Amino acid sequence: MNIIETNLDFKKLHYTNELTAIILHHAAHSTCNVYDIHKWHKRDKGWSGIGYHFFITKDGKIYRGRPEKAVGAHCLNHNAYSIGICVQGDYMKESMLIEHEKVVMELCRYLCDKYKIETIKGHKELNPTSCPGENYPLERIKEEVFY
């Protein structure tokens, strides 16, 4: 698995040693990239930078967002212990290709093994949102990663 280092410039970050969950998201945008989200989160939300730890494009490339042990900004009240993975696309309107889904599973397996994580949730399972979208294969990803 290849993780593309983005070398993004962050304002002050806080760090954690307690990583116990992965939270899955969609970009709610068909064509944005990791740099777009970093800019939006910094400029529009006033955050340190991109709130997600990883961003996966439709062609299967994995980009690093925040450092893995940096506290995220992707799921209110759950950032201190979780890794956020965002995928390119709007899964309220489109469906994920099998190839894209497999990369999400591969990254989840890698992180679960590395940090002994036993919980994967969709953003909507923790906060009132439609993210990661009705067409996001959330249950299939969870089943494949853990079984």
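All values reported here derive from a predicted model rather than from experimental measurement.

Scoring rules and cut-offs
Residues numbered from 1 in each chain as written. Predicted model: local features only at pLDDT ≥ 70, side-chain atom pairs only at ≥ 80, totals over all residues. Heavy atoms only, no water. Phe/Tyr/Trp six-rings, centres within 6.5 Å; stacked < 30°, edge-to-face > 60°. Helix = DSSP H or I, 4+ residues; strand = E, 2+ residues; numbered from the N terminus. Buried < 20%, exposed > 50% of the residue type's maximum accessible area, 1.4 Å probe, protein only. Lys, Arg positive; Asp, Glu negative; His and termini not counted. Salt bridge = Lys/Arg side-chain N within 4 Å of Asp/Glu carboxyl O. Polar contact = N/O pair within 3.5 Å; in protein donor to acceptor, adjacent residues only side chain to side chain. Contact = heavy atoms within 4.5 Å. UniProt positions renumbered as here; feature names shortened; annotations may be inferred. Pairing = 2+ DSSP bridges.

Evaluation of the coordinates by the stated rule reveals 2 aromatic pairs. Both rings, one in Tyr35 and one in Tyr63, keep their centres 6.5 Å apart while their planes meet at 75°; by these two values the pair is edge-to-face. Note that Tyr35 is positioned in helix α1 (residues 34-43) and Tyr63 in strand β4 (residues 62-64), a separation of 28 residues in sequence. Classification of Tyr63 by relative accessible area gives buried; the value is 16%. Ring centres of Tyr91 and Tyr136 lie 6.0 Å apart, and the angle between their planes is 80°; this geometry places the pair in the edge-to-face category. In this pair, Tyr91 is assigned in the loop between β5 (82-87) and α2 (98-115) and Tyr136 in the loop between β6 (120-122) and α3 (138-146), connecting sequence segments 45 residues apart.

As a further point, take the side chain of Arg66. Topologically, Arg66 is positioned in the loop between β4 and β5. Buried charged residue Arg66 carries no salt bridge. Nearest counter-charge: Asp9, at 12 Å. Among the polar contacts listed, one links the side chain of Arg66 to the backbone oxygen of Ile50, at a separation of 2.6 Å. With residues up to four places along the chain from it excluded, the contact list for Arg66 reads Phe10, Leu13, Trp47, Ser48, Gly49, Ile50, Gly51, Tyr52, His53, Val71, Gly72 and Ala73.

The next thing to look at is the UniProt feature "domain: Peptidoglycan recognition protein family" (unreviewed entry) in the protein chain. The positions that UniProt labels "domain: Peptidoglycan recognition protein family" (unreviewed entry) are, in the present scheme, residues 2-124. Between the end C-alpha atoms of residues 2-124 the distance is 28 Å, and the span holds 23% helix and 19% strand.

Within strand β2 (residues 21-26), 6 of the 6 residues are buried, leaving the element largely enclosed by the surrounding structure. Neither face of β2 is exposed, since Ala21, Ile23 and His25 on one face and Ile22, Leu24 and His26 on the opposite face are all buried. Note that β2 and β5 share 6 bridges and pair parallel. Across the sheet, the residue bridging to Ile22 is Ile83, located in β5.

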